[in-house]
Each structure stands twice: as structure tokens, then as C-alpha cells.
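Summary of structural features
One-letter residues, chain by chain:
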Amino acid sequence: MSREKKLWILFATITIVSFSVLGYYGHQIYQKAPPIPEKIVSASGAVIFTAQDIQEGQNVWQSMGGQEVGSVWGHGSYVAPDWTADWLHREAVFLLDRFAQRDYGQKFDALDAEKQAVLKVKLRQDLRTNTYDTGTKTITITDDRVEAIKFLSNYYQGLFMNDPQYDKLREDYAMRSNTIDDPARMAKMNAFLFWATWATVTERPGETMSYTHNWPADELVGNELTKDLLLWSGISVVLLILFIGALVFYYVQAKEEDYRTPAADPLIGVKETTSMRHIKKYLVVVGGLMVVQVLLGVLAAHYQVEGDGLFGMTIFAELLPYAVARTWHLQLGIFWIATAWLSMGLYVAPALMGKDPKFQVFGVNFLFIALLIIVIGSLAGEWMGVMQKLNPEINFWFGHQGYEYVDLGRFWQLFLFVGLFVWLILMIRPIIPFMKAHPEKKSFMTLFLISCLAIGLFYGAGLMWGQHTALTIAEYWRWWVVHLWVEGFFEVFATVAIGVLFVRLGLLSEKAATTYALLSTSIYLAGGVLGTFHHLYFAGTSTAVMAIGASFSALEVVPLTLAGFEAYRNYRASKVTQWMKDYKWPIYFLVSVGFWNFLGAGVFGFLINPPAALYFVQGLNTTPLHGHTALFGVYGMLGIGFVLFVLRSMYRDAVWNEKLMKWFFWGLNGGLLAMALLSLLPIGIWQAVESIDKGMWYARSAELMQQPAMMVLKWMRSIGDTVFTVGLLCGVWLILKLILFNKKSA
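Per chain, residues are indexed from 1 in the order of the written sequence. The model is predicted, so local features are restricted to residues of pLDDT at least 70 and side-chain atom pairs to those at 80 or more, both for listing and for counting; the totals for chains, interfaces and linings are taken over all residues. Side-chain numbers here rest on the full set of heavy atoms in the structure, without hydrogens or water.

The next point concerns the packing of helix H17 (residues 471-504) against helix H18 (residues 510-528). Axis geometry follows a simple rule: fit a line to the C-alpha atoms, using only the stretch in contact for helices, then measure angles between N-to-C directions, giving values from 0 to 180 degrees. By the criteria applied, helices consist of DSSP H or I runs no shorter than four residues and strands consist of E runs no shorter than two, each listed in order from the N terminus. Where H17 meets H18, the axes come as close as 9 Å, and the angle between the chain directions of the two elements is 170 degrees. As summarised for this structure, H17 and H18 are arranged roughly antiparallel, according to the angle between their axes. Regarding H17 and H18, the two cross each other, and that crossing is right-handed. Between H17, through His483, Leu484, Glu487, Gly488, Phe489, Glu491, Val492, Thr495, Val496, Gly499 and Val503, and H18, the contact on the second element is made entirely by Glu510, Ala513, Tyr516, Ala517, Ser520, Thr521, Tyr524, Leu525 and Gly528. Under the convention adopted here, Pro, Cys and the residues Ala, Val, Leu, Ile, Met, Phe, Trp and Tyr are nonpolar, Asp, Glu, Lys and Arg are charged, and Gly plus all remaining residues are polar. Class assignment of the residues belonging to the contact of H17 with H18 gives a composition of 10 nonpolar, 7 polar and 3 charged. An angle counts as roughly parallel when it lies under 35 degrees, as roughly antiparallel when it exceeds 145, as roughly perpendicular when it falls between 65 and 115, and as oblique in every other case. By convention, the crossing between two helices is left-handed when the near helix turns anticlockwise from the far helix through less than a right angle, and right-handed when the turn is clockwise. Here, residues are in contact when the closest pair of their heavy atoms is within 4.5 Å.

As C-alpha cells, then:
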């Protein structure tokens with residue numbers, strides 16, 4: 001049996017087994033998610049909340065921006081608090097003071113240690129005891145908790161609406177006045193916040209930990225690190241070391257095919273079809289979206305130090321509040337990266353045969369118009385949702401779904417899914433005839449086709465939850481999109497697409513490219529598919545899900561620790577022949593992908609992956625540290641590399657401005673590194689120390705985040721942001737000059 005056939009069997013086995021396990025435990029997640037009760041009642045039987053209140057309250061939370069305004073269960077933005085950690089601690093303090101006044105006539109803080117200990121035991125018994133009745137589907141709470149709910153409901157109504165006493169706190173949280181503008185809707189959101197908090201402290205039936213594995217950390221209520229979190233963290237580290245050793249051994253003894261050295265550029269003289277020329281407008285849009293996305297990122301970052309405006313100009317916070325700025329920043333990042341990758345595919349596929357299939361030009365133009373409508377329509381809907389201009393039903397379909405990275409309304413999700421399906425058809429139509437005409441290339445092109453199918457179809461996971469789907473279930477499917485689609489199958493597509501480019505340049509044979517792509521993809525999917533579960537440790541899932549996530553997320557990091565091999569391999573490609581110097585900058589961006597794969601996805605990713613680590617840092621600045629360096633550092637840089645490859649092929653005779661390219665490359669990479677090391681990392685470490693010492697509630701509090709030294713660290717981010725923005729503007733100007741001011745392409 002040939003090596004290539006063995007790798008195909010390995011690839012198929014890993015894919016089938018991994019998705020089978022993902023599906024099996026997904027079914028378990030449905031069964032063991034925190035229950036939404038039909039009623040929450042007091043000890044006397046008075047109805048406090050209903051299931052409808054909780055579900056509609058979740059929709060209200062989504063409509064205001066959801067995970068873009070603070071977080072719930074640690075998933076979301078980082079300026080406002082985690083509302084479940086905040087509610088839990090405030091409820092605990094209220095109840096302890098109530099107990100202390102009733103039993104001793106003093107506030108809790110005034111009591112001696114012995115009396116405090118007694119009241120803490122009472123508090124924990126009250127909060128941690130699971131009173132959910134599976135027969136009546138009812139949760140019964142004490143009269144003391146009823147009073148706590150009244151107190152906290154008044155507090156959150158004042159904060160989320162327009163009580164003047166909370167003006168300073170709203171500014172610290174970068175929240176606009178009347179974030180929720182209707183008392184009835186606010187009452188329902190309080191129902192959702194209570195239920196979400198109830199799940200964080202109430203113990204699972206038959207267990208001594210809460211539905212969220214005792215997250216968030218809070219000593220007052222007994223939310224402390226569990227032995228399971230420690231055990232599986234240790235196992236994940238052992239597995240990481242073991243498999244890194246195995247992979248290093250493989251790399252050392254494996255014989256890798258050297259790059260070929262064609263005497264001339266094989267792309268010179270290659271016919272450019274009509275549809276390929278129409279890709280130019282996609283690249284112009286990519287450049288425009290990059291600029292807008294980065295400027296919105298600068299605005300969102302500034303809101304951390306001045307939550308109600310931009311250098312005193314409050315009109316920015318009124319028209320583009322933090323929730324909108326951050327939503328658009330994330331969505332535009334996904335849009336331009338995806339457009340860059342899709343453009344590369346649309347350029348390469350017709351080039352295989354040197355001619356367009358029938359209606360290919362129409363399809364490329366139709367898809368372009370559809371993408372513009374999706375971008376403009378979804379951004380407008382998200383703005384209207386956050387500004388409370390849509391009712392919950394309309395908001396779900398056309399506004400803001402409230403889930404980070406998939407904020408766009410369901411209609412726009414469906415529209416985008418259809419657009420990806422159109423792209424898939426446009427990719428298949430040129431590839432199939434090429435495979436028939438060149439059967440010796442069938443294996444490699446089959447892998448390319450599979451990667452295109454994954455990109456086109458796996459976004460459909462974002463359609464698997466509904467308007468009233470419980471948060472745990474929605475999180476399960478959301479991470480199918482964020483982790484499997486964005487992080488997983490984009491990685492597969494990238495590996496194969498780079499192989500396609502190098503084969504087109506004559507540097508690699510199809511056999512070598514196929515072998516390398518199959519091996520890399522198999523290694524990545526071995527950890528990547530089941531590594532999805534590491535996002536769900538504290539989202540109401542079982543210990544088994546946590547154990548699998550911990551183990552396989554460690555395996556995810558294994559290939560990334562050897563990303564330097566890939567970076568050096570790509571660097572060597574730029575030195576193979578004299579004519580390859582023309583491709584220096586596209587290849588340099590591939591080299592930077594290797595660096596960020598190691599640092600951003602690998603080092604900063606594993607910093608927060610083990611359960612015991614994530615228990616203390618989920619939702620802190622360690623998360624955007626990983627997010628920025630992995631998403632932009634890997635997928636953004638790769639998207640830019642693809643764009644530059646296409647432009648180099650289109651404009652073979654154009655001389656690129658070397659100074660602009662240096663600013664583009666080093667500005668982006670240097671700025672991103674400065675942003676990470678000067679601001680995000682030190683803030684994240686400081687927050688982690690406070691989370692371990694005092695609890696998650698304090699690590700996200702205004703009390704900590706508004707300290708003078710913390711404000712200095714926030715301002716330090718402007719250094720990296722400035723360098724990054726200058727580099728980006730240089731690159732976009734170069735791209736636009738090539739497309740708009742060159743009379744002809746190759």
C-alpha cells in the first residue's frame with residue numbers, strides 16, 4: 001500500500017471518528033444542559049419567573065448586543081463585567097449582610113471570623129442546593145433569594161437604563177444610557193441573568209460542583225477549582241509533551257522532497273480568463289473592509305479608557321456605541337478574511353483549465369453583489385438591534401443575535417450560507433473537468449475539492465439554533481462555526497491552497513503536495529475537531545466533555561509548536577530561483593503565518609486551554625491576546641498572502657514599491673506584537689492574579705480596571721495600534737494602486 005493511500009485512510013478515519021465523538025457528546029450536551037424551569041417560585045409558591053420570561057429575557061440580552069456587552073459564562077467582551085460573575089457576587093454579599101443583620105444585628109464585614117464562617121456555610125447551602133423538581137419542572141427559592149432578586153433587579157434596571165447615579169459606572173463599562181430602553185424588557189432580561197447565574201452555583205444532581213464546573217471563581221459561594229479540572233489539566237500537559245516528542249521524532253527522520261527549481265516563472269504566459277479579471281473588485285473590497293475594520297478596532301479599544309466618547313466627542317458613543325463598534329470590528333474581520341480566501345479560490349480554479357465554464361463570469365459577479373448586500377445589510381441590522389429599534393422577533397431575523405462572531409441576524413446567516421454555496425458551485429465547475437482531463441492529478445485535486453466543500457458547507461452549523469434555544473445548546477453550535485469553520489476548515493483549506501500555489505509555481509509536484517497536505521490536515525484535525533470542546537468547559541456541559549476538550553485541545557497545539565519548520569520551508573521557497581524574488585512578499589506573509597501559528601495559536605492558545613488555567617482567565621484579556629494574534633496573525637496574514645499572490649499573478653510586469661511593502665509587512669507584524677506584549681498580555685496577567693486571589697467578579701470589575709496603572713497599560717496599546725494602522729494603510733494603498741492605476745494585467 002502506497003504512503004499516499006495510507007494517508008488517505010488516516011485522514012478518513014480521523015475525520016469519521018472525530019465527528020462521531022463530537023456528535024455523540026453533542027447529544028449528551030443536549031441531555032445534561034442546565035434545565036430551564038417552567039417556573040421559579042418562592043417558598044410560599046409565588047411565581048417569580050417563568051420559562052417564557054427566561055427565554056424572552058435571553059432574546060432581550062441578545063438584542064442589546066449580547067456577548068458584545070460584557071459576557072455571560074465568560075464568553076463575550078471584556079470592558080463590562082461578566083454579568084453572571086457580577087450577579088453571583090452581588091447576590092452573595094446582599095444575602096450575607098441580610099443574614100448578619102437578622103442574626104447578629106450587624107453588617108457581615110463587621111463580624112468576627114467565626115460568625116462569618118457560620119454565615120458562609122448557610123449561604124452556600126442556600127445557593128448550592130439544587131431545588132429543581134424534574135416532575136413539576138419548577139425551581140423553588142427561599143424568601144431571602146426573592147429579596148435578593150428584587151434588589152439586584154433594581155440595580156441592573158438602573159444600570160442598563162438611565163438612572164443618573166450609574167452614569168460613571170456606565171462610562172467605565174462603555175455602555176450607553178438606555179442600553180435597554182423598556183422596563184418590561186429589562187425585567188425579562190433580569191430573569192435570564194438570574195437563571196444563567198443560578199446555573200453557575202447550583203450543584204448538578206448527584207455531584208458536588210455546579211453546572212458550570214464551579215465557574216466563576218468566588219470563595220464566598222464555594223465556587224472553587226475542582227479536582228476534575230486539576231486532573232485533566234495535568235493530563236493535557238502530559239499529552240502535549242508526549243505528542244510533541246513523537247512529532248519531532250517524525251520530522252527528524254522523515255525525508256522531505258526538496259523544492260524544484262524551474263528556470264522561469266510557470267505563470268508567465270498563463271491565460272487570464274474573464275472571470276479571473278473580475279476578481280479585482282473583490283480585492284478592492286477586501287482592502288476597504290480591512291481599513292474600516294481596523295479603524296473600528298481602534299475606536300473599540302479607545303472605549304476602554306473613555307467609555308462615553310472619543311477624546312471628549314460623545315457623538316461617537318451615541319452613534320457607534322462600544323457594542324456596535326466591537327460587533328462590526330469582529331464581523332468585518334470575518335468578512336474580509338473570508339472574501340480574500342474566496343477570491344483566491346475563484347482566481348485559481350478557472351486557471352487550472354485556462355478557460356471559464358459557462359456562466360462563470362455571471363456567477364462571480366452575482367456572488368460579489370450578494371456579498372455586498374450581506375455585509376451592508378447585516379451591519380445595518382446589528383446597529384438597529386443594539387440601538388433597540390427592533391422587537392425581539394424581528395431582531396433575531398434581521399438584527400443582532402448577540403453571539404460573538406455570529407452576531408448577524410438569521411436572515412443574513414442564511415443569505416451568507418447561500419453565498420458560500422454559490423462559491424462552492426463556482427469552484428466545483430472548473431475543478432471537475434480538470435480532474436477528468438488530468439487523472440494523474442486526481443488525488444491532489446480531490447483534497448482541494450474536499451477543503452472547498454468544508455468551507456462552503458460547515459458554516460451551516462450556525463443555523464442549528466433557534467430564537468429560544470438554551471444558551472448551552474447555542475454555544476455548542478456557535479463553536480462549530482467559530483472553531484471548526486473559522487479555525488478548523490479554514491486551516492485545512494489554507495494548507496491545501498498553499499500547496500496548489502506552489503504546484504502552480506512549479507516548486508512542488510502534485511504527489512509531494514498531496515502527501516504533505518494530507519499529513520498536515522490529519523494531524524491538525526486529530527486535535528482540532530474534538531478540541532472544540534475546550535470552549536465549552538464552563539458552558540453547562542458534563543465532566544466527560546471537559547475531559548475530551550482538555551485532552552484534544554492539547555493535541556491541537558502539537559503541530560503549532562513545530563510551525564517554525566513550516567515558516568522556514570516557506571522562506572526557502574522565496575530563495576529557490578531568481579524569479580521567485582518577485583513572490584518574496586506573498587511568501588513572507590506565509591512565513592509570518594508560521595510565526596503567529598506558533599506564538600498566537602500555540603503559546604497564547606495553550607496559555608488559556610488547560611481547564612485549571614481557563615477557570616481563572618476565561619473572559620479576561622488573555623482571551624483577546626489569543627484571539628488577535630491567532631485570528632489576524634494566522635488567518636488575516638494568510639488572507640493578505642493570498643491577495644498578494646493573486647496580484648503578483650495578475651500584474652506580472654508591475655514593479656512593487658519596496659518601501660510600501662516593508663511598511664505593510666513589518667507594520668502589521670510589529671504592531672500586532674507590540675499590541676500583544678505591551679498591553680493585552682500584562683493586563684491579562686494582572687487580571688489573572690486578581691481572579692485567583694479575589695475571584696472573577698473582581699478581575700472584571702471597574703474597581704480594578706479603572707486603576708491608574710491599569711489605565712496606563714490600556715493606553716500602551718495605542719503604540720501597537722498606531723504602527724499596525726500605518727502598516728495597513730501602506731498595504732491597502734499599494735493594492736489599490738495596482739488595481740486602479742494599472743492599465744492592464746498579465
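Quick look at a nonpolar patch on the surface now. Two joining distances apply to patches: 9 Å for like charges and 5 Å for nonpolar side chains (Val, Leu, Ile, Met, Phe, Trp, Tyr), and every residue must have over 30% relative accessible area and no salt bridge. With residues, only the protein chains shown are counted as cover, and all accessible areas are computed by Shrake-Rupley using a 1.4 Å probe. Salt bridges are counted wherever a side-chain nitrogen of Lys or Arg sits within 4 Å of a carboxyl oxygen of Asp or Glu. A contiguous nonpolar surface patch, about 540 Å² in accessible area, is contributed by Phe311, Met313, Ile315, Leu319 and Trp715. On the secondary structure map, Trp715 appears in helix H27 (residues 708-741).

A word on the environment of Ser233. Note that Ser233 resides in helix H8 (residues 227-253). Separated by 85 residues in sequence, Ser233 and Ala148 place their C-alpha atoms 36 Å apart. Look past the residues within four positions of Ser233 in its chain and what remains in contact with it is Pro610, Pro611 and Ala612. Polar contacts, as counted here, are pairs of nitrogen or oxygen atoms within 3.5 Å of one another; within protein the pair requires one atom able to donate a hydrogen and one able to accept it, and residues that are adjacent in sequence qualify only if both atoms are side-chain atoms. From its side chain, Ser233 meets the backbone nitrogen of Ala612 in a polar contact 2.7 Å long.

Tallying each qualifying case throughout the model produces 21 salt bridges. When the shortest N-O distance is used, the salt bridge between Lys441 and Glu510 registers 2.4 Å. Placement of Lys441 in the loop between helix H15 (410-437) and helix H16 (442-457) and of Glu510 in helix H18 is noted, with a sequence separation of 69 residues between them. One network of salt bridges, with partners in common, ties together Glu68, Arg326 and Glu404.

With respect to the secondary-structure elements, Thr446 resides in helix H16. Each C-alpha atom of the pair Thr446 and Ile432 lies 9.1 Å from the other, and the pair is 14 residues apart in sequence. Residues in contact with Thr446, not counting those within four places in the same chain, are Trp8 and Met435.

Now for the pairing of strand E6 (residues 138-141). At least two bridges found by DSSP between two strands is the condition for calling them paired. Sheet analysis places strand E1 (residues 39-42) next to E6, joined by 4 bridges and oriented parallel. Among the inter-strand pairings, Ile40 is bridged to a residue of E6, identified as Ile139. Where strand E5 (residues 132-133) meets E6, 2 bridges bridge the pair, whose relative direction is antiparallel. In the sheet register, Asp133 faces E6, and the bridge partner there is Thr138.

The next point concerns the side chain of Thr339. Relative to the helices and strands, Thr339 is located in helix H12 (residues 322-353). Each residue is placed in one exposure class: buried if its accessible area under a 1.4 Å probe, protein chains only, is under 20% of its type's maximum, exposed if it is over 50%, and partly exposed if it falls in between. Its relative accessible area of 10% is what places Thr339 among the buried residues. If we ignore the near neighbours within four places in the chain, the residues touching Thr339 are Tyr282 and Val286.

Another aspect to go through is the sheet that holds E1. Strand order across the open sheet formed by 4 strands is E2-E1-E6-E5, with mixed pairing between neighbours. Either end of the sheet is taken by a strand with one partner, and the two such strands are strand E2 (47-50) and E5. Across the sheet, helix H5 (residues 143-160) touches E1, E2 and E6, and the angle it forms with E6 is around 95 degrees. The sheet contacts of helix H7 (residues 183-201) involve E1, E2, E5 and E6, and relative to E2 the element is tilted by about 90 degrees.

Time to look at unusual backbone geometry. Cis geometry is adopted by the peptide bond preceding Pro216, which originates at Trp215 and carries an omega value of 5 degrees. Relative to the helices and strands, Pro216 resides in the loop between H7 and H8. Positive phi, close to 60 degrees, is recorded for Asn178, a residue that is not glycine. On the secondary structure map, Asn178 appears in the loop between helix H6 (167-172) and H7.

Moving on, we come to the layout of surface pockets. If you add up the space inside the second largest pocket, you get close to 330 Å³. The rule is simple: put a 1 Å grid over the protein atoms alone, call a set of points where a 1.4 Å probe fits but cannot get out a cavity, call an open set with protein on both sides within 12 Å along at least five of seven lines a pocket, and count a residue as lining if it has an atom within 4 Å of a point. Lining of the second largest pocket is provided by 23 residues; of these, Val298, Leu299, Ala301, His302 and Asp721 occupy positions nearest its centre. Secondary-structure elements contributing two or more residues to the lining of the second largest pocket are helix H10 (280-302), helix H24 (658-693) and H27. When its residues are assigned to classes, the lining of the second largest pocket shows 13 nonpolar, 7 polar and 3 charged. Grid points are joined across faces, edges and corners, and a volume is the space filled by probe spheres set on the points.

So, on to the pairing of E2. Two faces make up the sheet, and in a regular strand the side chains alternate between them. Relative to E2, E1 runs antiparallel, the two being bridged by 3 bridges. Bridge pairing in E2 links Ile40 to Phe49. In sequence, E1 turns back onto E2 through a hairpin of 4 residues, with Gly45 there showing a positive phi of about 95 degrees.

Residues enter a nonpolar core if they are buried and are Ala, Val, Leu, Ile, Met, Phe, Trp, Tyr or Cys, with the set joined through side-chain atoms within 4.5 Å. Ranked by size, the top nonpolar core spans 201 residues in total, and within it Trp83, Leu159, Phe160, Trp341, Trp423, Phe533 and Leu647 carry the most contacts. Listed in part, the 17 residues of the second largest apolar core include Leu229, Tyr537, Phe616 and Ala688.

Bringing the packing of H5 against H7 into the picture now. The N-to-C vectors of H5 and H7 enclose an angle of 125 degrees; their axes lie 10 Å apart at closest approach. Taken as axis vectors, H5 and H7 run oblique relative to one another. Relative to H7, H5 is oriented so that their crossing is right-handed. Residues Arg145, Ile149, Ser153, Tyr156, Gln157 and Phe160 of H5 touch H7, and the partners they reach there are Pro183, Met186, Met189, Asn190, Phe194 and Trp198. Tallied by class, residues from the contact of H5 with H7 come to 8 nonpolar, 3 polar and 1 charged.

Here we come to helix H4 (residues 113-128). Helix span is expected to be 1.5 Å times the residue number reduced by one. In this model H4 runs 22 Å from its N-terminal to its C-terminal C-alpha over 16 residues, within 8% of the 22 Å that 1.5 Å per residue would give. Taken together, the buried positions of H4 are Gln116, Leu119, Lys120, Leu123, Asp126, Leu127 and Arg128. The buried residues of H4 occupy an angular sector of 160 degrees when the element is viewed end-on, so they sit on one face. Exposed and oriented more than 90 degrees from the buried face of H4 are Glu114 and Gln125. Lining the buried residues of H4 we find helix H3 (83-104), H5 and H7. The directions considered for the arc are those from the helix axis to the C-beta atoms.

For Tyr322, the position within the fold is in helix H12. According to the relative accessible area criterion, Tyr322 is buried, its value standing at 6%. Spatially, the C-alpha atom of Tyr322 lies 28 Å from that of Ile692, the residues being 370 residues apart in sequence. Not counting chain neighbours up to four residues away, the residues in contact with Tyr322 comprise Glu68, Ser77, Tyr78, Val79, Ala174, Ala300 and Tyr303.

To continue, consider the packing of aromatic side chains. Each aromatic pair joins two rings of Phe, Tyr and Trp (for Trp, the six-membered one) with centres within 6.5 Å, and gets the label stacked for planes under 30 degrees apart, edge-to-face for over 60, and tilted for any other angle. One pass over the structure, following the stated rule, counts 55 aromatic pairs. Each ring, one from Trp61 and one from Tyr403, has its centre 6.2 Å from the other, and the planes form 70 degrees; the classification is edge-to-face. Note that Trp61 is positioned in helix H2 (residues 51-63) and Tyr403 in the loop between helix H14 (392-398) and H15, a separation of 342 residues in sequence. This pair shows no difference in class: Trp61 is buried, exactly as Tyr403 is. For the pair Trp215 and Phe538, a centre-to-centre distance of 6.3 Å together with 20 degrees between the ring planes defines the contact as stacked. With Trp215 in the loop between H7 and H8 and Phe538 in the loop between H18 and helix H19 (543-561), this pair connects stretches of sequence that are 323 residues apart. An aromatic cluster is defined as three or more aromatic residues linked by ring pairs; in this entry it consists of Phe49, Trp83, Trp87, Tyr155, Tyr156, Phe160, Tyr166, Tyr173 and Phe194. Over the aromatic face of Phe99 sits the side chain of Lys122, whose NZ or CZ is 4.5 Å from the ring centroid. Two thresholds decide whether a charge sits over a ring: the Lys NZ or Arg CZ must be within 6 Å of the ring centre and within 35 degrees of the ring normal.

Geometric values such as these leave the question of function open.
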